[in-house]
Amino acid sequence: MPKQNELMDKAEDVADQVLRHSKHVLPHVARFCLISTFLEDGIRMWTQWNEQRDYMNASWGCGYILASLFVLLNLVGQIAGCVMVLSRQKVPIACGILFGIIALQTIAYSILWDIKFLLRNLALAGGVLLLLAENKAEGKSLFAGLPSMGENNPKQYMQLSGRILLVLMFLTLLRFESNVLQILVNLVGTALIILIAVGFKTKLSALVLVVWLTGLNFYFNAWWNIPDYRPMRDFLKYDFFQTLSVVGGLLLVVAYGPGGVSMDEHKKKW
């Protein structure tokens, strides 16, 4: 047990060194990764306008006008939301727009009935929630001399909800196979998402999961190796950028910590 604690302490020291050297860059990288799926989807709405419009019309029988409005709303909403987030302008409004896009697409593409895609959309919503919490943290720091509401303020619960939603992405990667390697992958991954959800050794766990998810993403979702004419290219690209957005949310956890509603925070009082 002392040996395990020593290894854990060394791992945390390495993670702290990484954070110290990247603290000015990490939040920008996190935000860019987080909005990447919205940016890619917004661009796709423009480049595949006719295909998207025809798909919506065929799926819902809503006519070309309503189908075109759906595509336009997705295009403008996602691109505008991404620009606002990256420029740090009206971030709460941008997050509201992105939440609306997630909800709209969940209904329009019948994602409610597909558990894998539903969990991924919820994980994406968790990332946006962490982005909103980060913005609230920055806003409060401008008035550091004023009394705060303490640990029970909404930001803490937004961070908790964001963490829990974010780790749902990993549940979609679990594969129930009988080989030893896959069982090990499932056990380690499950342990990491539990640690992040409860907020214990959060920064280290989130950093490990960032490396883990990034490796899996580049291995399984290498859409650039698929020819343009194959439909699989679009599916892999969609998965790749959604996973990248969840990685962005995890990087926000690495950069800013788990918040007040976490075991890490409570440990400081013991």
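This is a predicted model, so every value here is computed, not measured.

Topic: unusual backbone geometry
Link 1 in the chain: In this structure, Arg88 takes a positive phi of about 60° despite not being glycine.
Link 2 in the chain: Take Arg88: it is sitting in the loop between α4 (63–87) and α5 (91–108).
Link 3 in the chain: Residue Ser110 is not a glycine yet carries a positive backbone phi of 55°.
Link 4 in the chain: By secondary structure assignment, the location of Ser110 is in the loop between α5 and α6 (115–141).

What about the side chain of Ser245?
Link 1 in the chain: The residue Ser245 is located in helix α11 (residues 232–256) in this model.
Link 2 in the chain: Ser245 has contacts with Cys33, Leu34, Ile35, Ser36, Thr37 and Leu124, leaving out every residue within four places of it along the chain.

Focus on the pattern of salt bridges
Link 1 in the chain: Tallied over the full model, the rule gives 7 salt bridges.
Link 2 in the chain: The partner of Arg31 in a salt bridge is Glu134, with the nearest N and O atoms 2.5 Å apart. With Arg31 in helix α2 (residues 26–47) and Glu134 in helix α6, this pair connects stretches of sequence that are 103 residues apart.
Link 3 in the chain: For Arg31, a relative accessible area of 4% puts it in the buried group.
Link 4 in the chain: One salt bridge in this structure joins Asp228 and Arg233, with 3.1 Å as the shortest N-O distance.
Link 5 in the chain: For Arg233, a relative accessible area of 16% puts it in the buried group.
Link 6 in the chain: Taken together, the shared-partner salt bridges connect Arg31, Arg88 and Glu134 into one network.

Examining the UniProt feature "transmembrane region" (unreviewed entry) in the chain
Link 1 in the chain: Summarizing the sequence annotation, UniProt attributes the feature "transmembrane region" (unreviewed entry) to residues 64–86, 93–112, 180–200, 207–226 and 238–259 in the numbering used throughout.
Link 2 in the chain: Annotated as residues 93–112, this span is 80% helix and 0% strand, and its ends, taken at the C-alpha atoms, are 25 Å apart.
Link 3 in the chain: Segment residues 207–226 splits into 70% helix and 0% strand. End C-alpha atoms: 30 Å apart.

Analysis parameters
- Residues numbered from 1 in each chain as written.
- Predicted model: local features only at pLDDT ≥ 70, side-chain atom pairs only at ≥ 80, totals over all residues.
- Heavy atoms only, no water.
- Helix = DSSP H or I, 4+ residues; strand = E, 2+ residues; numbered from the N terminus.
- Contact = heavy atoms within 4.5 Å.
- Salt bridge = Lys/Arg side-chain N within 4 Å of Asp/Glu carboxyl O.
- Buried < 20%, exposed > 50% of the residue type's maximum accessible area, 1.4 Å probe, protein only.
- UniProt positions renumbered as here; feature names shortened; annotations may be inferred.

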